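# Inside the fold
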Amino acid sequence: MSSLQLVFDSELYDPATLGPAEHLPALSVYRQALQGAQQVLFTRFREGEDIRKLVNARAWVVDQVLKHAWSAIGLIHCNECSLLAVGGYGRGELHPHSDIDVLVLHQFNDLAQDLQQLIAQFLTLLWDLGLDVGSSVRALGECDEAARSDITIATNLMESRTLCGDDQLRQSMLNLTSAQRVWPGKEFFRAKWEEQITRHNKHNNTEYNLEPDIKNAPGGLRDIQTVGWVAKRHFGAETLHDLVAHGFLTEQEFMQLDECQTLLWRIRFALHMLTGRAENRLLFDYQRQVAQIFGMQDDASHRAVEQLMKQYYRAAMLLSTLNEMLLQHFDESILQDSTHAVIHPINSRFQLHNHHIEALNPQVFRRTPSALLEVFVLLASDADIHGVRASTIRLIMQSLDLIDDVFRDDLRNTSLFMELMRSQYALFSSLRRMKRYGVLGRYIPAFGAIIGQMQYDLFHIYTVDAHTLLLIKNMRRFRYPDVQAKFPVVADVAQSLPKVELLYLAGLFHDIGKGRGGDHSALGAVDALEFCAHHRLGVWDAHLVAWLARNHLIMSMTAQKKDINDPDIINDFAQKVGDIIHLDYLYALTVADICATNPTLWNSWRASLLRQLYEQTKRALRRGLGNPIDKQEWIEETRQNALALLRTQGISEDKTQSLWDSLGEEYFLRESATDIAWHTHALIQHSHPDEPLVLIKETTDNKFLGATQIFIYTRDQRNLFAATVAALDQLHLTVLDARIITSTSHFSLDTYFVLDENNERLTQTDRLSHIQKILIDTLAHPEKFPDIVRRRMPRQLRHFQVKTEIILSNDIQHQRTVVEIITLDRPGLLARIGRIFMEHGVNLQNARIATLGERADDVFFLTDDQMHPISDPDLCERLTHTLRERLDQQDD
């Protein structure tokens, strides 16, 4: 390309502004010309002008400025060199702050000194103008050497056009660096494919990141460019539309690709405009503003930002599918064209072509519509099948209109779908392909509605559809031997499920009701029951799947928000579950769900909570719902188990019983026998009972805990909790759980489970000693309340508004007041809450700490000075008002 062909636009560029081409104006003149054109482009963008025209126009404006500067500096008279635009600028595609890559190309290696000075003056001028310039000065031979050693340089040189000077020089460069001499088609394709794989790995191989990089992530602009580069290098295609003539794309597919690119260009242009820099990440900081620029508004079902992201995710998914199909076409044409294809017949409709399923003729799906599901059943039936051949992918996507109500009602198709759910291999990848090719969303329309459906929070880091399939992937992994170490209990449970396909169906439907308004669990249960009946599952099986969809949150909520050391809580949960079969399915679903929601949520601490709830509920169910666990029986069993451990340590039973008589029943209800033995041993040896005792247990077995446990024994005082959590916050520790127990002798026995700033247990001995010293000093003088640490709120949290909710109720059975606080998570939150409790003179008996993305959802159990529930309505009102007011204050 020798030049960018655009109609002259005087509103963008007026030659008179810069003056005669032979005179160099002041820098401010160039800057004003560029800034003025930029503002015109911004205005046109907001008015909805075609984004293609805008990115081309931006390149055209830069062309005019560079040509004028080249001439004014005196290089226009040089016959030895040319000025070339390369890379994206060479394609004539510039967003407001895109890099401007230029090459000063000269014929011979040696340049005259005065010419070198003029070129240096020219390039310095571009930098002084504030342009993001990527520049190089090379002779023809140097271009050859550089292209041979670096494929990125070779790629940039392919996309070049002459701005100033003789275009013949560029043609000579192109000949030197052509595929006949440098990076021939096969090597170029392999390198670009490997480059894409590496790039995708950096973005977790998903199109569904919460803050996607629209240029480099899977389904991003770079995937389009990769296709274009290979097409240009090997097939001589100047534009993507040329791939239609080459038979790699249909006209409809090109239009889809072009529409997706247009959306990504619009988003990228908006990001550059909003940030004033070359920002390609669609961060939370900008998502709302981009949605507003696009004219999107919140409605009853979806926020504007969710509408924007749904458009983006769907475009990215389609681009990934087209990219996959095109690269496979290129693979067959470039790498495999000289090899003999290995063909294995499957049946009258399909064959294996180099380990990829291929339709035997273009009419397969029209003649046998059920083959649209059969192809995925075949994929999941043989581990040696690597995928679907590109030509067959196209046929599938062109045949989606066949999937209608008649298709869904066909017994052959319902049977095939259930056969897929019972398949031995590749269920997750088969379902993912079904989604990417459009089949899954057509077969289950409710699933089609959640494709690309994001939730604007930090808790759910994937779209609903991506989360759902990842959940099923986790369920499959539970049955693999290599995950036994990470999921020891749930792996055994999953292996024992009588019909594992019911678990997969529950996973498929558990979130399918999201985005419709109302209770998504209830909506999903209705859909699941209807689907199961439609697919001729038995009544018991159908009701199990529906029950799991309706109740998929109750196990995690019980473990995180209730005291699972309380026999009454266990008995109540067991009543809701009903039997061990339901418990097993629910446990497997819950673990898979948490792991698929956000990888950072699953740690060995949460694993221990769920495992404890599962095992205690299983025990209760084995006893029978009519024979609930008795508190006194629980206490006596715990004491006996702890005594057995202490005997092995040589601890006097008389001293033990004397100590235990002062601790009260609640202690033995809420602590394990192992921890009671640990505490008792230390307390008997504690020679200064009036001084605080602080024990820190370094957990070494992830299977059982995975958090660091801190036990505090000290004389009970009003502000112990507030002082303790403030000290822990100063130590940069995250409190996962708190057990606050006051003995009958008025000593406090408090246990905190903490993680460090990296959400890991504490392992350094010197740090453990430091924590112990700080806590002892703090608790010796709790009236000297530590200052609450003021730390900046993390960037991502600043873009969420979580209005504080306070839910206050009295638990008469346990004689305490329950306060649930839902608010925006932030550094020092627990310390603030502790201070408010202290100021209002209430005592903390227990706490359940849960952080879900940007939202803290904590439950505190309080009493008044008399250890009774808070009965003063004025105190309740003041406490609630203060919590709301202070927690809604935003830090700087």
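In case you missed it, the structure is sitting above this.
The following refers to the structure shown. All of these numbers come straight from a predicted model, not from anything done at the bench.

So, how was this worked out
Residues numbered from 1 in each chain as written. Predicted model: local features only at pLDDT ≥ 70, side-chain atom pairs only at ≥ 80, totals over all residues. Heavy atoms only, no water. Phe/Tyr/Trp six-rings, centres within 6.5 Å; stacked < 30°, edge-to-face > 60°. Buried < 20%, exposed > 50% of the residue type's maximum accessible area, 1.4 Å probe, protein only. Helix = DSSP H or I, 4+ residues; strand = E, 2+ residues; numbered from the N terminus. Core = buried A, V, L, I, M, F, W, Y, C linked by side-chain atoms within 4.5 Å. Contact = heavy atoms within 4.5 Å. Salt bridge = Lys/Arg side-chain N within 4 Å of Asp/Glu carboxyl O. Pairing = 2+ DSSP bridges. Axes fitted to C-alpha atoms, helices over the stretch in contact; angles between N-to-C directions. Parallel < 35°, antiparallel > 145°, perpendicular 65-115°, else oblique. Nonpolar A, V, L, I, M, F, W, Y, C, P; charged D, E, K, R; others polar. Expected span 1.5 Å × (residues − 1). Arc of directions from axis to C-beta. Polar contact = N/O pair within 3.5 Å; in protein donor to acceptor, adjacent residues only side chain to side chain.

## Thoughts on the packing of aromatic side chains
The description of two aromatic rings rests on the distance between their centres and on the angle between their planes. Following the criterion strictly, the structure yields 24 aromatic pairs and no others. A ring pair is formed by Tyr667 and Phe668, whose centres lie 5.2 Å apart and whose planes are at 85 degrees; its orientation type is edge-to-face. The class for Tyr667 is buried, based on a relative accessible area of 0%. Between Phe721 and Tyr752 the ring centres are 6.5 Å apart and the planes differ by 20 degrees, which places this aromatic pair in the stacked class. With Phe721 in helix α36 (residues 720-730) and Tyr752 in strand β12 (residues 747-755), this pair connects stretches of sequence that are 31 residues apart.

## What about the nonpolar core?
Leu66, Tyr89, Phe122, Phe294, Phe330, Phe417 and Ile444 are the most contacted members of the largest nonpolar core, which totals 248 residues. Sorting elements by how many residues they give to this core places helix α14 (residues 304-335) first, with 17 residues. For Phe294, the contacting residues outside a window of four places in its chain are Phe45, Leu263, Arg266, Ile267, Ala270 and Leu308. Formed by 42 residues, the second largest nonpolar core is a distinct cluster that contains Leu720, Ala738, Leu779 and Phe860.

## Quick word on the pattern of salt bridges
Taken as a whole and judged by the stated rule, the model has 38 salt bridges. Its salt-bridge partner being Arg389, residue Glu358 comes within 2.2 Å of it at the nearest N-O pair. Taken together, the residues Glu358 in strand β7 (residues 356-359) and Arg389 in the loop between β8 (387-388) and α17 (390-398) connect sequence positions 31 residues apart. Of the charged contacts, one joins Asp777 and Lys773 as a salt bridge, the two residues approaching to 3.0 Å between their closest N and O atoms. In this pair, Asp777 and Lys773 both sit in helix α37 (residues 765-780), four residues apart, roughly one turn of the helix. Residue class for Asp777 comes out partly exposed when judged on its relative accessible area of 41%. Linked through salt bridges whose partners overlap, the residues forming this network are Asp9, Glu11 and Arg44.

## Here we look at the pairing of strand β6 (residues 350-353)
Burial of the side chains of β6 extends over both faces: Phe350 and Leu352 are buried on one face and Gln351 and His353 on the other. Judged from the three bridges that link them, strand β5 (residues 343-345) and β6 form a sheet pairing that is antiparallel. Bridging from a neighbouring strand, Ile343 pairs with His353 of β6. If you look at the hairpin formed by β5 and β6, you'll find four residues sitting between the two strands. Of the pairings in the sheet, the one linking β6 to β7 comprises four bridges and is antiparallel in character. Considered in β7, the bridge of Phe350 is made with Ala359. Counting the residues that bridge the hairpin from β6 to β7 gives two residues, and of these Asn354 lies at a positive phi of roughly 50 degrees.

## Some remarks on the sheet that holds strand β4 (residues 160-164)
Strand order in the open sheet formed by four strands is β3-β2-β1-β4, with mixed pairing between adjacent strands. If you trace the sheet from one side to the other, it starts and ends with β3 (133-139) and β4, each paired once. Each strand of the sheet is rotated relative to its neighbour by a mean of 30 degrees, with strand direction disregarded. With four bridges connecting them, strand β1 (residues 81-86) and β4 associate as antiparallel partners. Each residue of the ladder has a partner; that of Ala85, found in β4, is Arg161. Sheet contacts for helix α6 (residues 140-149): β2 (100-106) and β3; angle to β3, the most-contacted strand, approximately 115 degrees. Here helix α8 (residues 167-176) sits on the sheet and contacts β1, β2 and β4; the angle it forms with β4, its principal contact strand, is near 155 degrees.

## Quick word on the packing of helix α13 (residues 284-293) against α14
Axes are the key here: two packed helices are described by the angle between their axes and the distance separating the axes. Axis separation between α13 and α14 bottoms out at 8 Å; the angle between their running directions is 90 degrees. Regarding the angle of α13 to α14, the classification is roughly perpendicular. Here α13 contributes Gln287, Arg288, Val290 and Ala291 to the contact with α14, which in turn contributes Ala304, Val305, Leu308 and Met309. Partitioning the contact of α13 with α14 into residue classes produces six nonpolar, one polar and one charged.

## Some remarks on helix α5 (residues 113-128)
If you check α5, its first and last C-alpha atoms are 22 Å apart, about what 16 residues at 1.5 Å a residue would give, namely 22 Å. Those residues of α5 not exposed but buried are Leu115, Ile119, Phe122, Leu123, Leu125 and Leu126. End-on, the buried residues of α5 take up no more than an arc of 150 degrees, which puts them together on one face. Of the exposed residues in α5, those oriented more than 90 degrees away from the buried face are Gln113 and Asp114. Packing partners of the buried residues in α5 comprise α2 (27-46), α3 (51-73), β1, β2 and β3.

## So, helix α30 (residues 580-597)
Between its terminal C-alpha atoms α30 stretches 25 Å, which fits the 26 Å expected from 18 residues at 1.5 Å a residue. Counting buried positions along α30 gives 16 out of 18 residues, so the element sits mostly inside the fold. Capping the start of α30, Asp579 holds a side-chain oxygen 3.1 Å from the backbone nitrogen of Ile581, two or three residues further along.

## Comments concerning the side chain of Glu374
Summarising the element assignment, Glu374 is placed in helix α16 (residues 371-379). Given a relative accessible area of 12%, Glu374 falls into the buried group. Setting aside residues up to four positions removed in sequence, Glu374 forms contacts with Asn347, Arg349, Phe350 and Leu416.

## So, the sheet that holds β8
Across the sheet, which stays open at both edges, the four strands sit in the order β5-β6-β7-β8 with mixed pairing between neighbours. Two strands bound the open sheet, and with one partner strand each, they are β5 and β8. Of the strands in this sheet, β7 and β8 are in contact with α17, which crosses β7 at around 55 degrees.

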